[in-house]
Each structure stands twice: as structure tokens, then as C-alpha cells.
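Summary of the model geometry
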Amino acid sequence: MKITIVTGSNRKDASSTQLSRYIGRALEEAGCEVTLFDLYERPLPFYSPDQAEPDENLTAFRQALNEAQGIVLSTPEYHGSLSGVLKNALDWVGFDQFDGKVTLSVSSAGGAVGVSSLQQLQTIVRNVHGINCPEWISVGGSQRDFAADGEPADAKTRERVLRTVQYFVGMVGRFKK
């Protein structure tokens with residue numbers, strides 16, 4: 001099963017990106033083939049329907065989503081919303097990339113949890129005909145601390161992430177095209 005993880009931070013070593021890498025390892029351990037598309041390392045141009053020149057990162061982004069059977073969207077929560085970097089990336093894609101694909105929303109917030117960004121991601125996914133995973137992952141405060149090996153430092157956070165990843169994998173298996 002092919003899963004694409006999109007990390008939507010514009011910050012090096014963001015906690016949402018660290019969480020995405022941990023999710024990627026958990027997915028690989030579950031037998032998935034994972035592509036991690038880091039928007040910090042591979043920025044996309046500002047969305048414009050008038051852009052005629054092909055962009056290497058944009059082409060790779062669309063291809064990664066096209067090939068995916070399941071998608072993980074990961075964002076920091078900025079001012080009660082998803083990051084502008086991720087929103088810009090999602091503006092470049094649509095039905096062709098999401099239709100009928102299970103999508104897991106993930107956030108990392110400076111406060112307690114990032115529910116607003118998750119709700120907004122689910123609205124976007126629904127509007128491009130993706131299938132929202134009813135589980136989601138949100139970490140905040142000290143839950144955003146990671147050990148040297150890349151695992152969340154908090155045992156309950158690790159357990160919750162792994163349980164959600166298992167649910168997501170099962171759902172993708174039932175819905176994959």
C-alpha cells in the first residue's frame with residue numbers, strides 16, 4: 001500500500017515534520033511504501049492558475065499524490081488554522097489527487113491541541129472528494145517533544161499515534177482503488 005505524507009511546515013525540524021517522520025516509520029513497519037513530501041525542503045510556487053511554466057517540485061508533488069492510495073496531511077497550527085505553505089500546496093491539487101482516497105489529518109500546536117486546523121483540513125479533503133479518516137492526530141505543548149531516536153518522548157503520545165496509524169492503514173486497505 002502506497003502512502004504519501006505531506007509535511008506542511010516552512011520551518012526546519014518543525015515538530016509537525018518530526019511527527020510526520022515518526023508516522024512514516026510506523027507506516028513502513030506496517031508494510032506500507034511511504035513517500036514523505038516535505039514542503040520546507042521542496043517548496044512550491046505561490047498558487048496561480050495562470051502559471052504556465054512547469055515547476056519540478058510541483059510536478060513531483062502531484063505525482064506523489066497521484067500514486068498514493070492513502071494520504072497524510074501534516075500541519076503546524078498557526079493562528080487557529082493550517083499553515084499557508086500547506087494551504088498553498090493544496091490549492092495546486094484537487095479531485096485527481098484525492099478522489100476516493102483516505103486522508104489522515106495531523107497537527108502540532110503550540111497550545112494544548114490543534115483542532116481548528118484539523119477541521120479545516122477535513123473540509124478541504126471533503127471538497128476534493130477525499131475520504132476523511134475519522135481519527136486524527138493532534139499534539140501540543142510537551143507532547144511535541146521528541147527523543148533523539150525520533151520517537152515522541154511521551155509514551156501516551158506514542159501509543160495514540162500508533163493506534164491511529166493502525167486504524168488509518170486498515171481504512172486505506174478497505175477503500176484503496
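Below: a short report on this structure. This structure is a prediction, so every number in the text was calculated from the model and none was measured. (Residues numbered from 1 in each chain as written. Predicted model: local features only at pLDDT ≥ 70, side-chain atom pairs only at ≥ 80, totals over all residues. Heavy atoms only, no water.)

1. Comments concerning the overall build of the chain
- The secondary structure content of the chain amounts to 6 helices and 6 strands.
- Listing every helix and strand of the chain by position from the N terminus yields β-α-β-α-β-α-α-β-α-β-β-α.
- Computed over its C-alpha atoms, the radius of gyration of the chain comes to 15 Å, within 12% of the 16 Å expected for a compact globule of 177 residues.
- Seen through its principal axes, the chain has C-alpha atoms that stretch 50 × 35 × 25 Å.
- Residues classed as buried in the chain amount to 48% of the 177 residues present.
- Long-range pairs, those at least 24 residues apart, make up 77% of the contacts in the chain between residues at least 6 apart in sequence.
- In the structure as shown, the chain presents an accessible area of about 8700 Å², 47% of it carried by carbon and sulfur atoms.
- Positive and negative charge centroids in the chain, built from 18 and 21 side chains respectively, lie 5 Å apart. (Helix = DSSP H or I, 4+ residues; strand = E, 2+ residues; numbered from the N terminus. Rg over C-alpha atoms; globule rule 2.2 N^0.38 Å. Buried < 20%, exposed > 50% of the residue type's maximum accessible area, 1.4 Å probe, protein only. Contact = heavy atoms within 4.5 Å. Areas by Shrake-Rupley, 256 points an atom, 1.4 Å probe, with all protein chains shown as cover. Lys, Arg positive; Asp, Glu negative; His and termini not counted. Charge placed at Lys NZ, Arg CZ, Asp CG, Glu CD.)

2. Structural notes on the side chain of T164
- With respect to the helices and strands, the residue T164 is situated in helix α6 (residues 155-175).
- Within the local environment of T164, its side chain forms a polar contact with the backbone oxygen of R160, the two atoms lying 2.9 Å apart.
- For T164, the contacting residues outside a window of four places in its chain are L104, E135, W136 and I137. (Polar contact = N/O pair within 3.5 Å; in protein donor to acceptor, adjacent residues only side chain to side chain.)

3. A short note on the environment of Q122
- The residue Q122 is located in helix α5 (residues 115-127) in this model.
- On a C-alpha basis, the gap between Q122 and L104 in space is 8.6 Å, while along the polypeptide they are 18 residues apart.
- Dropping the residues within four chain positions of it, Q122 is found in contact with S105, N132, C133 and W136.

4. Quick word on the packing of helix α1 (residues 15-29) against α6
- Contact pair α1 / α6: the axes reach a minimum separation of 10 Å and the direction vectors enclose 55°. The angle between α1 and α6 places the two elements in the oblique class. The chirality of how α1 crosses α6 is right-handed. For the pair α1 and α6, the contacting residues are L19, Y22, I23, A26 and L27 in the first and R158, V161, L162, V165, F168 and V169 in the second. (Axes fitted to C-alpha atoms, helices over the stretch in contact; angles between N-to-C directions. Parallel < 35°, antiparallel > 145°, perpendicular 65-115°, else oblique. Left-handed = near helix turned anticlockwise from the far one by under 90°.)

5. Topic: the packing of aromatic side chains
- Within this structure, the stated rule accounts for 2 aromatic pairs.
- Between Y47 and W92, the ring centres sit 5.0 Å apart and the planes meet at 75°, which makes this aromatic pair edge-to-face. Taken together, the residues span a long stretch of sequence, with Y47 in the loop between β2 (33-38) and α2 (56-67) and W92 in the loop between α3 (84-91) and α4 (95-98) at a distance of 45 residues.
- Taking the relative accessible area as the measure of exposure, Y47 reaches 38% and is therefore partly exposed.
- You can call W92 buried: its relative accessible area is 8%. (Phe/Tyr/Trp six-rings, centres within 6.5 Å; stacked < 30°, edge-to-face > 60°.)

6. Some words on the nonpolar core
- Core analysis: the largest hydrophobic core is formed by 23 residues, its most contacted members being I3, L19, I23, L27, V72, I137 and F168.
- Taken together, the elements giving at least two residues each to this core come down to β1 (2-7), α1, β4 (102-109), β6 (137-140) and α6.
- The element contributing the most residues to this core is α6, with 6 residues.
- Beyond its immediate chain neighbours, meaning those up to four positions away, I137 contacts L19, I23, L104, S105, V106, S107, L118, R160, V161 and T164. (Core = buried A, V, L, I, M, F, W, Y, C linked by side-chain atoms within 4.5 Å.)

7. Some thoughts on α1
- Taking 1.5 Å per residue, 15 residues should reach 21 Å; α1 reaches 21 Å between its end C-alpha atoms and fits that length.
- Burial in α1 covers these residues: S15, S16, T17, L19, S20, Y22, I23, G24, A26 and L27.
- Contacts made by the buried residues of α1 are with β1, β2, β3 (70-76), β4, β6 and α6.
- Once α1 ends, the next one or two residues include G31, with phi positive near 95°. (Expected span 1.5 Å × (residues − 1).)

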